[in-house]
Each structure stands twice: as C-alpha cells, then as structure tokens.
Amino acid sequence: MTAPEDGETPLRILLLEDNDLDTELLTAILEDAGLAIVIDRVIARDAFAAATATGCHDIILADYVLPAFDGMSALATARQTCPEVPFVFVSGTLGEDVAVEALKHGATDYVTKQRLDRLPRVILRALSEARAHLRRRAAEQALRDLNGSLEQRVAERTRELAEANAALQHQIAERERIEDALRQAQRLEAVGQLTSGVAHDFNNLLTVIAGNIEFLERAVSDERSKRRLDMMRGAAERGARLTAQLLAFSRRQKLAPVPVQLNQTVASMRDLLQSSMGGSVRIEMTLQPDLWPALVDATQIELIILNLAINARDAMAVGGCLTIETANVQLTAEPSRAEEPNPGDYAMVAVSDTGTGIPPEVLARVFEPFFTTKEVGKGSGLGLAQVYGFAKQSGGGVRIETTLGEGTSVRVYLPRVAAEAVPREVRPVEIDCASARDASDKRVVLVVDDDSDVRDITTTRLGEAGYAIREAGSGLAAIQALETDPCVDLAVLDFAMPGMNGVEVATVIRQRWPQIQILFVTGYADHTALSRIDGDGGEDRVVQKPFRGEDLERKVASILDPRPRLTLVSGGGEASARAAGKARG
C-alpha cells in the first residue's frame, strides 16, 4: 500500500457512497488536486465486505448514512478485514459527537461534504501516517526479531562457554589425576631405587655374617655356642627374607615366569588358606572356567595370594568371609594410579574380605614399603609393597576397591598368554684346557666382587669345595687378568659393582672368551639385563646373597662338573676337541 508520490502509481480508493452526484464531485476534487486515482465504488454491505477482503486498496472513503447500511458497521468490517488501510468518513450529516465516536472506533479522519476541498490533504496525511505506522511496526518487528536472535545467540554462546568450561574442568581434573599418578609413580620409583640399593648392601652384609657363622659352626663344639650361632643364623635368614620383600617391591627380585593356570593354583591352596584363616573366617572361591593362562612366576603368585589372604583375615572380625575370584579381563582405560595396569588382556585374581575397609588417606599410601596401620610387631608394612612390585614386574598391575565398613577387594592383573611357550633348550659348549693344564688340575674359578669381605666368603667356600681360585676386585681387573691367562672354567660375577657391572663384564667375556661359563652372585639384579646374556638368565646362573645352605657350591658344580675339560681352540683345535671327546667317551 503506497501513495502516488511521483504520479506513476495510481491511488486505489475504495469508495462506499450511494449518491452518484457526490461520487462525481469527490472524484473531480481529487483529480483537480493532481492525484492519480482509481476508484472502486460499492454501495451494498456484501460488496463492501468482499472489496475489503481483497486487500488491494490504499484507502477507504465512506459515507456515514446509507440506505441499508451505516458507516459504523462499515468501519467495523474494515477494521476486521484490513486494519492497516486508512478509513476516512466523508459525510454531509456527520456531527462532532459522531465524528469523535468514529475516531474512537478506529477511523483515521473525517471530512464533511461541505468542506471537500480538505479531502486531498486528509487523504495524503492519512496515507503518510499509515506508511509511518507500517515502518514503525516493521522496525518493532525487526527489533523483536533482533532481540530473539540475540537471545538465541546469547543462549548458544552461553551453552558453548558452558561446554568449554566443562571440557576445561575435565582437562584440569585429568591433568591433576595424571600428575598425581606421575608423582606417585616417581615416589614409588625413587623408593624402589633406594630399597634396591639398601637390599644390595644389606645382602652383602648378610653374606658375610651367614658365611662366617657357617665357618664358626665347624670350629665350635659346645652346645651353648652352637645355640647362639643357630640364633644368629635364624636372624640372618629373617634379614634375607626382609630383603627379598624389598627386592619384590623394587622389581629386582628373580622371577621365572611360566604359563600358569590360576584356577589350579587357587584350588590347590584351599587347605593352606583354611589353616591360615583358622575357623573364624569362611572361604569362598569363584573361579572362571575358561580362565586364560597367566605368564607369572608360579611360586611367587602363591605367596602373593597367601599374603593378601592374611591381610584380609586381619581386617575382619570373627565370622567374616574371604572370597577368591578369578576372571578374564580386557582393560581399555588408561591407569589412574601408578599401581594400576595398562590397557590389555589379563588373567585376574582377586582377594576380597568383609572387613572394615580402607580410609582414603591410608589407601593413598598402602603400597609404600614399611607403611602399616597394624600394631608394632604385627606387620612389616611390606605385604602390599611386595604385591605391587610382583604385579608390575610381571607386566600387570593392582587395583584396590574398598568401602568403609563393608570390605576391600584387591585385584591383581597378570599378563595373559595365548599359548604355552616351548622353553628353548640351552646346549653348553664342550671345551677343554688340556693343552694348557694337566688333566689332574683343579677347575679354575674367577671370583669378581668389589666387596673384599664378600669375596673372601665366596673364595673360601669355593676353595673348600675343591676349586682353584683366582679373584679380582673389579670388572676391569677381571678383564686384565683374563688377558694374561684366559684359562678359566667359570667366572663368578657380582652384579652391582662400580665401573663395569656384572652384565657388562659378562658381555666382554662372551665376546672374547666364549668358552668361559658365567655365574652371577648378587644381592639384587636387573634380570632384564641378565636375560640379554645368552644362557645366563636362567635360574641356574644366579645365586642370591646371602648364600643359603650349599646353594653356591651346588650351582657351581651343576655348571662345571657335568662338562668335559676346556680347550682353547686355534687353527685345527676344533678337530682336537672332538678327538679328545671321543677318547674320553
């Protein structure tokens, strides 16, 4: 709806008028005023209603008095069907009171027929006001749309900020978790390095003590002194067990992993567990039938299960229940604590109790060595530390689930093996030193240890066992001695030595004098490093300090006694060695 401002667009007028003369007069006045107009004239009510419904008129001009129709009814119809179109009364009988009433009901203006000269100005003003009203309504609608858009944008931005904040909070929480796990791992690693060093030095001391006790027992005859020596030997053995637990925590213990069926292990321990629990605790077992075999040390896993069972017993009152469970577990989540396993497939064994549970401040420290909540003399604080070290060294981990007042479950995750491995057969090389020594000469053993007291114990025991002894106080001294005289049957090497450690010395010996056998004597050892020396990573190639019984002599004999004498081969020496072997056969 637009007014003709440039004379090109005619003004469409809907005229409600029954008088032909008034119609002509009105048309003439508008044309004389220069307005381009198109007039649609109607008289009856139905025609007027139909015309207003088309919505194609710019303005409505209406008489007030009609034969069968009145102006106020027409105004009501127009306000209902086309409320935006200006409505102007043009009447000769419109009084002031009626005009005011008409304006109240929505009429735009009125003109008396006695003053039709005012009509063009009234029409233009009505059209201008209508256009302004439309612009105002359009602006209001645009403002409403903008407000709605702003509200939507604010809501979307608020949601985006909330999501970003939630993601940031998650990242902060995840970073704090990772930092906590890292701090715990670093703390446990630092303690592990400390304990492994302490265990090494302690084992050296125990070796000297236990060795000299054994020598004194041979010289002492009275019973009282023998009893005291027995007490001393028992104390040394308890110290050795303590260092073994320390080595387990620091992951320096000697493990012999083999495929193990945990269900059979757990089932075979029922009687032992029942006797350890006494009659006050009920034992239940939930074993998964198709349990995967676990690659672990069979002896150590039994000790771990027994250790956890005893801890569970101590946490329960009379009438408690101990549950041992096995299951196949596939983990996908990254560990949240240092002791937890990495993602992968595991055979799991869990020991659960119905005891008091573990408080959070205690749970944070349960794997630290020597940390215990038991009374003095009731626990060493190394039980769970040993479980932690064993599980991590085996390639798995541990998780503890606990609820105060309800109980605790310790879950040990052990690496799965798809099939039992076939052990590799190690065939020792047959060599002899007959060209350099007489057949009656003793076997030569080179003892390499930086601790002179420990070296004295070792050389004394091996000398009494009938071997010819050579000794060196360092790895470099051993290499220099072998360069002078390489005719040695066996090198007994301490693992932890300043400068060249035992593995480094063994590597040089393997490269330069492969006929010399190797035996490690150590308070602790990095068995991953030992395994890199072909044939030297087995149980028969490591003797733990302090020596237990005839362990040292037995392992030396198992290496040397079944083997023929050594021969330093050069040129045709290989044929000579075969000939010598046939002669002995």
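Residues numbered from 1 in each chain as written. Predicted model: local features only at pLDDT ≥ 70, side-chain atom pairs only at ≥ 80, totals over all residues. Heavy atoms only, no water.

## A few points about the nonpolar core
By size, the foremost hydrophobic cluster in this structure holds 38 residues, and its most contacted members are L262, I301, L308, L322, V349 and L414. With 7 residues, helix α9 (residues 298-314) is the single largest residue contributor to this core. Not counting residues up to four positions away in its chain, the partners in contact with L322 are M277, V281, R282, I283, E284, A309, A312, M316, V351 and S352. In this structure, L482, V503, V505 and V508 belong to the second largest nonpolar core, which totals 23 residues. (Core = buried A, V, L, I, M, F, W, Y, C linked by side-chain atoms within 4.5 Å. Buried < 20%, exposed > 50% of the residue type's maximum accessible area, 1.4 Å probe, protein only. Helix = DSSP H or I, 4+ residues; strand = E, 2+ residues; numbered from the N terminus. Contact = heavy atoms within 4.5 Å.)

## Here we look at the packing of aromatic side chains
If you walk through the whole model with that rule in mind, you get 4 aromatic pairs. Considering the side-chain rings of Y64 and F89, the 5.4 Å spacing of their centres and the 70° angle between planes classify their relative orientation as edge-to-face. Placement of the pair is Y64 in the loop between β3 (59-62) and α3 (71-81) and F89 in strand β4 (residues 87-91), with a sequence separation of 25 residues. Residue Y64 shares its accessibility class with F89, and that shared class is buried. Judged by centre distance (5.0 Å) and plane angle (75°), the ring pair of F87 and F89 falls under edge-to-face. Among the residues examined, F87 registers a relative accessible area of 0% and is labelled buried. Classification of F89 as buried rests on a relative accessible area of 0%. Each member of the aromatic cluster is reached from another via a ring pair, and the members are Y64, F87 and F89. In this structure, R416 packs its charged tip against the face of W292, placed 3.9 Å from the ring centre. (Phe/Tyr/Trp six-rings, centres within 6.5 Å; stacked < 30°, edge-to-face > 60°. Lys NZ or Arg CZ within 6 Å of the ring centre and 35° of its normal.)

## As for the confidence of the model for the protein chain
When pLDDT is averaged along the protein chain, the result is 78, and 77% of the positions lie at 70 or above. Here residues 420-431 scores under 50 on pLDDT; set against residues more than four positions off or in separate chains, the count is 11 contacts. Counting contacts from residues 564-585, a segment whose pLDDT is below 50, to residues more than four positions away or on other chains yields 30 contacts. (pLDDT = per-residue confidence, 0-100.)

## So, the pairing of strand β14 (residues 468-472)
Sheet analysis places strand β13 (residues 444-448) next to β14, joined by 5 bridges and oriented parallel. Across the sheet, V448 pairs through a bridge with A472, a residue of β14. Crossover connection from β13 via helix α12 (residues 452-464) to parallel β14: handedness right-handed. (Pairing = 2+ DSSP bridges. Right-handed = clockwise from strand over helix to strand, strands pointing away.)

## Focus on the packing of α12 against helix α16 (residues 551-560)
Where α12 contacts α16, the two axes come as close as 10 Å, and the packing angle between them is 60°. Here α16 runs oblique to α12, going by the angle between their axes. In the packing of α12 onto α16, the handedness of the crossing is right-handed. Judged by residue contacts, T458, R461 and L462 of α12 engage L552, E553 and V556 from α16. Of the residues belonging to the contact of α12 with α16, the class tally is 3 nonpolar, 1 polar and 2 charged. (Axes fitted to C-alpha atoms, helices over the stretch in contact; angles between N-to-C directions. Parallel < 35°, antiparallel > 145°, perpendicular 65-115°, else oblique. Left-handed = near helix turned anticlockwise from the far one by under 90°. Nonpolar A, V, L, I, M, F, W, Y, C, P; charged D, E, K, R; others polar.)

## Let's talk about the sheet that holds strand β2 (residues 37-42)
Reading across the sheet, the 5 strands line up as β2-β1-β3-β4-β5 and stay open at both edges, with parallel pairing between neighbours. Each end of this open sheet is capped by a strand with a single partner; those strands are β2 and β5 (109-112). Strand-to-strand twist of the sheet, defined as the mean angle between neighbouring strand axes without regard to direction, takes the value 25°. In this structure, β4 lies alongside β5, joined through 4 bridges in parallel fashion. Across the sheet, residue V88 finds its bridge partner in β5, namely D109. Together, β1 (11-16), β2, β3 and β4 form the strand contacts of helix α1 (residues 20-32), whose direction differs from that of β2 by roughly 165°. The strands that helix α2 (residues 45-54) touches are β1, β2, β3 and β4; relative to β1, the one it contacts most, it runs at about 155°.

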